[in-house]
Each structure stands twice: as C-alpha cells, then as structure tokens.
Amino acid sequence: MIKRRISRVVKIGDVLIGGGNPVVVQSMVKCPTEDIEEVLRQLKVAKELGAKVMRIAVPDKQAAEALKKIIPYSPLPLVADIHFDYKLALMAIEAKVSALRINPGNILDSNQENLTRYDKLEQVVKAAKNSNIPIRIGVNSGSLHPKYLEKYGYPTYEALVESAIEEVQILEKMGFYDIKISVKSSNVEDMISAYMLLASKVPYPLHLGVTESGSGISGYVKSSIGIGTLLYHGIGDTIRVSLTSSIEEEIKLGYEILKALGYEKRGVELISCPTCGRLEVNLFDLVDKVKKEIENVQENITVAVMGCVVNGPGEARKADIAVVGGKGKGIIYRKGKMVKVAQENQIIEAFKEVLNQVIEEKKQEEIKV
Ligand code: SF4
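Residues numbered from 1 in each chain as written. Predicted model: local features only at pLDDT ≥ 70, side-chain atom pairs only at ≥ 80, totals over all residues.

## Some details on the overall build of the protein
For step 1, the next point in the chain: Tallying secondary structure elements over the protein gives 12 helices and 15 strands in all.
For step 2, the next point in the chain: Dimensions of the protein, computed from the C-alpha atoms along their principal axes, are close to 80 × 40 × 35 Å.
For step 3, the next point in the chain: Counting every position in the protein, which comprises 369 residues, the buried fraction comes to 43%.
For step 4, the next point in the chain: Within the protein, contacts between residues at least 6 apart in sequence are counted, and of these 62% link residues at least 24 apart. (Helix = DSSP H or I, 4+ residues; strand = E, 2+ residues; numbered from the N terminus. Buried ≥ 20, exposed ≤ 12 C-beta atoms within 10 Å, placed from the backbone. Contact = placed C-beta atoms within 7 Å.)

## Topic: the pairing of strand 14 (residues 329-334)
For step 1, the next point in the chain: Inspection of the sheet shows strand 13 (residues 321-326) paired to strand 14 by six bridges, in the antiparallel sense. Within strand 14, the position partnered with Gly 325 by the bridge is Gly 330.
For step 2, the next point in the chain: Linking two consecutive strands that pair antiparallel, namely strand 13 and strand 14, is a turn of two residues; a positive phi of about 40 degrees is found at Lys 327 within it.
For step 3, the next point in the chain: Two elements, strand 14 and strand 15 (residues 337-343), share six bridges in a ladder whose sense is antiparallel. Following the sheet pairing, Gly 330 is matched in strand 15 by Ala 342.
For step 4, the next point in the chain: Here strand 14 hands over to strand 15 after two residues, with Lys 335 in that stretch at a positive phi of 50 degrees. (Pairing = 2+ DSSP bridges.)

## Re the domain arrangement of the protein
For step 1, the next point in the chain: According to the domain assignment, the protein contains domain 1 (10-260) and domain 2 (268-368).
For step 2, the next point in the chain: Measuring from the centre of the C-alpha atoms in domain 1 to the corresponding centre in domain 2 gives 40 Å. (Domains from an automatic or database assignment.)

## Examining the sheet that holds strand 8 (residues 179-184)
For step 1, the next point in the chain: As summarised here, the arrangement of the eight strands in space is 8-7-6-5-4-3-10-9, forming an open sheet in which the pairing is parallel. Only two strands of the sheet have a single partner each, and these edge strands are strand 8 and strand 9 (207-208).
For step 2, the next point in the chain: Note: strand 4 (residues 53-57) against strand 5 (residues 78-82), four bridges, orientation parallel. If you follow Ala 57 over to strand 5, its bridge partner there is Asp 81.
For step 3, the next point in the chain: Each of strand 5 and strand 6 (99-102) is contacted by helix 3 (residues 86-94), which is oriented at about 165 degrees to strand 5, the strand it contacts most.
For step 4, the next point in the chain: Seen against the sheet, helix 9 (residues 247-260) touches strand 3 (24-28) and strand 10 (238-240) and runs at an angle of roughly 160 degrees to strand 3. (Axes fitted to C-alpha atoms, helices over the stretch in contact; angles between N-to-C directions.)

## A closer look at the packing of helix 8 (residues 216-232) against helix 9
For step 1, the next point in the chain: Closest axis-to-axis distance for the helix 8/helix 9 pair is 10 Å, and the angle between their directions is 40 degrees. Relative to helix 9, the element helix 8 lies oblique. Considering only the axes of helix 8 and helix 9, their crossing is right-handed. Counting all contacts with helix 8, which are made through Tyr 220, Ser 223, Ser 224, Ile 227, Gly 228 and Leu 231, the residues of helix 9 involved are Leu 253, Ile 257 and Ala 260.
For step 2, the next point in the chain: Tallied by class, the residues present in the contact of helix 8 with helix 9 amount to six nonpolar, three polar and no charged. (Parallel < 35°, antiparallel > 145°, perpendicular 65-115°, else oblique. Left-handed = near helix turned anticlockwise from the far one by under 90°. Nonpolar A, V, L, I, M, F, W, Y, C, P; charged D, E, K, R; others polar.)

This is the structure in structure tokens:
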C-alpha cells in the first residue's frame with residue numbers, strides 16, 4: 001500500500017487537489033486559444049476521457065480575450081498558462097479562470113514600466129486572492145530564471161527547486177498560500193530528484209510531469225517512469241503527461257499510470273500475455289477485439305487474455321474474467337471458475353456475454369454500497 005504525502009489542499013473550480021484527495025489527471029488544450037470552437041471540442045473530449053482540469057495557453061491579448069468566450073461554456077475548470085507578461089495573468093483572472101500557472105523564470109523586471117518582477121507578482125497575487133483562485137508556480141528546465149542558470153551552469157534539479165522555493169517565499173510574504181508547484185524537467189532523473197527534494201521542503205500540493213517527453217514509446221516510457229516513480233513514493237497530487245500527441249493519448253496514459261499503481265480503480269485493467277511458441281490462438285487479434293469491448297467500461301474489472309494453459313489458469317484465478325487459449329478454442333473463466341468454452345471464431349461473443357454479466361453485477365454492488 002502506497003503511503004501518500006499529505007499536502008495542503010487547493011481548489012480548482014470544484015476539484016480538490018492535494019490533502020490525499022484522488023490524484024487529478026489533467027492535460028492541455030492543443031490549438032490556438034482564439035479557435036474557440038476547437039478549444040471547446042477538445043475540452044469536451046478531455047472531460048469524456050476523464051480529465052478533471054485543463055490548462056490553456058494565454059500567449060497574448062487575443063487569447064486572453066478569447067477566454068471570456070470559452071470559460072462560460074467550458075465543461076472543465078481551466079488553468080491559464082502565463083509566461084512573460086503578468087498583464088495576461090490579470091486579464092485571465094478577469095475572464096474568470098479557475099487557476100493560474102505562472103513561470104517565475106520568465107516574469108522579469110521591466111525598465112520600461114519601471115516595475116520589478118516583485119511588483120508584477122504582487123499585482124497578480126492580489127488579483128488571484130480577490131478571485132479566490134490558486135496559482136501554480138511552474139518551474140521548467142527549459143525556461144529557468146537566468147540567475148539560476150548562471151549559478152548552476154545548467155538546469156540541475158537543485159536549481160529547479162531553489163527557483164521554485166524562492167517564488168513560494170515571495171508569495172508567502174504576500175500572505176498567499178493557495179499554491180501548487182511543479183518542477184518539470186525533460187530529464188527524467190532530474191525531474192524525479194527535483195520533486196523528491198521539493199516534497200521534503202514544502203507543504204503544498206505538487207503537479208507532476210516530465211516536460212516535453214516526446215512521442216510514442218520513448219514519450220510513454222519517460223512519462224511513466226518519471227511520474228510513476230514519484231507516485232510510487234506517495235508524491236504527487238495532480239499529473240499531466242506531456243506528449244507530442246493528442247490530448248486523448250495524454251489523458252489515457254495518465255490514467256494507465258494511476259491504474260498501474262493502484263491509485264485509480266476506474267475502468268478495466270487488462271492483463272495479456274506477450275505470446276511465445278506455445279500460443280494456441282491468434283492472441284493479437286483477440287486482444288484487439290477485447291480492447292474494443294472494454295474501451296468504455298467504467299467499472300473496476302480485471303480481464304486477463306492468455307495464449308495457453310501455462311499461465312492462463314493462474315491469471316484466471318486473479319481476474320474477474322479470463323480468456324485462455326487452447327488449440328483453436330478459448331476457455332472463459334470467471335473468478336477462476338471455467339464458465340464457457342468457445343471455438344476460436346466465437347470467443348469474442350462468449351467474452352462479451354460474460355463481460356455484460358460482470359458489469360451488471362458490479363453496478364449492483366455499487367448501488368448497495
Ligand atoms: S501464456 Fe502461454 S502463450 Fe502466453 S506467453 Fe505464457 S506460455 Fe506463452
């Protein structure tokens with residue numbers, strides 16, 4: 001059983017983050033913020049897939065203006081992602097975002113306005129406080145404050161943490177504690193070390209992510225190791241998988257990481273064997289078909305699909321449903337008990353029948369609870 005770090009709690013819209021609440025999966029809108037129709041489409045998809053919070057880029061005034069048209073129709077609370085210009089943060093708050101993400105590394109003193117970065121942050125903090133919304137201090141290895149780059153030479157994990165803590169202390173001095181922190185690095189080892197160090201120094205909830213983790217297998221691996229290692233140690237209150245890919249993939253992978261560590265019980269956990277020379281059915285085809293059947297199932301069910309009797313019955317004992325291949329046929333088990341034997345071309349139909357029974361039972365159990 002993983003013992004979680006218990007942090008303070010922040011509230012983004014109606015979503016509680018930290019304090020031992022369920023780990024929140026989030027993603028980020030992947031189109032220009034001014035493209036309101038597409039933004040709303042992506043937000044709808046994100047909600048359907050189970051995201052609880054979405055971040056949205058606010059790179060300029062047009063984007064900040066667009067927020068006013070998006071927020072009233074957004075199905076999820078939005079976090080405005082602000083870099084460089086503190087005025088955009090003020091505009092986003094005015095548009096009623098549910099939270100801010102600011103990057104302390106690139107909100108700098110400005111001679112033009114005769115304002116220090118402290119002055120600018122003070123204005124943002126005051127507005128956030130008045131609107132009762134939290135701020136994520138989002139330090140990132142790719143945009144670390146210049147003074148830490150000078151001190152450490154490159155974005156080490158110590159540099160990320162020191163930068164974040166400096167910012168936390170500034171906000172605390174202003175009497176603001178509604179804080180969430182991230183210290184993302186594209187280097188998995190630095191990312192893990194940074195969060196571990198940070199977790200020992202602050203009481204605030206942590207937003208986990210391996211920044212710019214890439215796409216495909218390498219992106220999955222980096223994100224899963226980075227986020228998964230920290231969650232295994234009980235660290236992390238909300239996660240965002242950052243992939244050069246769709247929000248669908250980010251959210252699905254986020255949930256898979258949570259499921260693999262037992263943080264999330266929603267949906268089907270699929271166990272399938274890697275296949276070998278003992279294979280007795282077309283397992284690749286069978287697994288694809290089973291995946292389609294379980295895709296939208298919300299109940300907490302374990303399904304095992306095994307190629308032969310070597311490990312099949314053993315996995316079947318642990319699974320709610322198991323399909324075990326055997327010489328052109330499939331044996332269906334429920335909780336380890338054989339319930340059906342079907343010819344290979346009828347396995348999926350037999351599986352569906354048993355799956356529906358199990359879903360119905362789970363629903364009944366939930367009603368009783
Ligand atoms: S279950 Fe059977 S087919 Fe699958 S990997 Fe194990 S031995 Fe091979």
